[in-house]
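A structural walkthrough
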Amino acid sequence: MAYITLKRQNFFHNLDIIAKLSKGKDKIALVLKDNAYGHGLREIASMAAEYGIKRAVVRSYDEAKAVEEFFDYILVLADTPKEYSEKIRYTINDIDSIEQFEAGTKVELKVNSGMNRNGIEPSELERAFEKIAARDLVLEALFTHHACADEADEKHYKMQKEAFAGIKKRAKSLASEYGFAPLRYHSCNSAALFRERDFDEDMARVGIAAYGCLEMPKGLDTESKKLLPVLSVYAQRISKRNIFANDTVGYGATFEADKAYCLSNYDFGYGDGFLRSASGSFVTPQGVVLAGRISMDNSSFLCDEEELLVFDDAISLAKAAGTISYEALTSLKSYLPRKIV
Ligand SMILES: *Cc1c(COP(=O)(O)O)cnc(C)c1O
């Protein structure tokens, strides 16, 4: 069966770089949503704990429970609690959702600073504090999310940064007015953290950089270029044959041999997460050429190996497929075995 390896050394190397930018491991909240970006939720959580990461960000309550033992603090981005846990906090994404939380629940308030996806509007800030206090929720933090932290043009990024600075100021006085303990503030994803020269927030929510697949625009990429991909995919050969000039391979007969080749067929297809749109232009890190279309459970390569390293850098696979590393990684199915190496 095709399988995934996770390079512990690369993961720790990335965390070293991130910790330097965030000014301490304790400021890193590692984003583990979507099966830790396809890497394997528990595998990454256990390595992160071993490294000394204390904070995690997940999408759902179930993910939070699955990694609860590894962290002191877990932020759930979009779910409600099934049961109270001291360690888990929930995001308020919309002013009308405040009623969904039971009294005593730890919450963080997300504010829209210009991405226009989740979060209350800045104009709703006072009303939100009022509702949170009336509902007796434990408000711990205020945060926002950037739309353009990885774009070359800094206009939108700066606009959101300034908007959040204003929101912070108002939230500080509202927090004391409503009797909340001083709030934590956070706005940085990987790209924003790597863009900042002088990070000064309470926490950074870091996903893709930890997995070594952050792409920054030229001029802003001095630190991100040092990151190393953590994940590799290996596939096992199912069958092999010799093909000759004019033979074609796979659905649609899109590959036609110009001469004789040994052709090996492997057990990794788009059903497993091998992006089908990479068909036609994909070459493995060792220079092995993909022949024809990726099919559901199979892909064919011009080589004679029992086992094939399909990719070890999601950025280059994503480029061949016309997408981003995030999609190449999160497409990998959870049933693929993960091995830490
Ligand atoms: C996914 C996510 C992150 C992490 O983003 P990266 O680009 O992977 O670092 C941070 N914050 C929020 C709210 C997210 O949804």
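Residues numbered from 1 in each chain as written. Predicted model: local features only at pLDDT ≥ 70, side-chain atom pairs only at ≥ 80, totals over all residues. Heavy atoms only, no water.

It is worth spelling out the domain arrangement of the chain at this point. Segmenting the chain into domains produces domain 1 (8–219) and domain 2 (231–340). Computed from C-alpha atoms alone, the centre-to-centre distance between domain 1 and domain 2 is 36 Å. At the junction of the two partners, domain 1 supplies 14 residues and domain 2 supplies 13 residues. Of the roughly 1200 Å² buried between domain 1 and domain 2 on both sides combined, carbon and sulfur atoms contribute 65%. Among the residues domain 1 hides against domain 2, the three largest losses belong to His39, Cys213 and Glu215. Together they make up 36% of the total. (Domains from an automatic or database assignment. Contact = heavy atoms within 4.5 Å. Buried area = accessible area lost by both parts, 1.4 Å probe.)

Let us look at helix 8 (residues 314–321). Most of helix 8 sits out of view: six of its eight residues are buried. Three or more residues of helix 8 are buried, namely Ala314, Ile315, Leu317, Ala318, Ala320 and Ala321. Residues of helix 8 that are buried sit in contact with strand 15 (307–311) and helix 9 (325–330). Capping the start of helix 8, aspartate 313 holds a side-chain oxygen 3.0 Å from the backbone nitrogen of isoleucine 315, two or three residues further along. Directly after helix 8, the chain includes glycine 322, whose backbone phi takes a positive value near 70°. (Buried < 20%, exposed > 50% of the residue type's maximum accessible area, 1.4 Å probe, protein only. Helix = DSSP H or I, 4+ residues; strand = E, 2+ residues; numbered from the N terminus. Polar contact = N/O pair within 3.5 Å; in protein donor to acceptor, adjacent residues only side chain to side chain.)

Take the pattern of salt bridges next. Going through the model one piece at a time under the given rule, you end up with 20 salt bridges. Where arginine 127 meets glutamate 130, a salt bridge forms, and the shortest distance between an N and an O atom there is 3.1 Å. Residue arginine 127 and its partner glutamate 130 are located together in helix 5 (residues 125–134), separated by three residues, close to a single helical turn. In this structure, glutamate 223 and lysine 226 form a salt bridge, with 2.8 Å as the shortest nitrogen-oxygen distance. According to the relative accessible area criterion, lysine 226 is partly exposed, its value standing at 39%. Members of the salt-bridge network, linked through shared partners, are Arg89, Glu108, Glu140 and Arg184. (Salt bridge = Lys/Arg side-chain N within 4 Å of Asp/Glu carboxyl O.)

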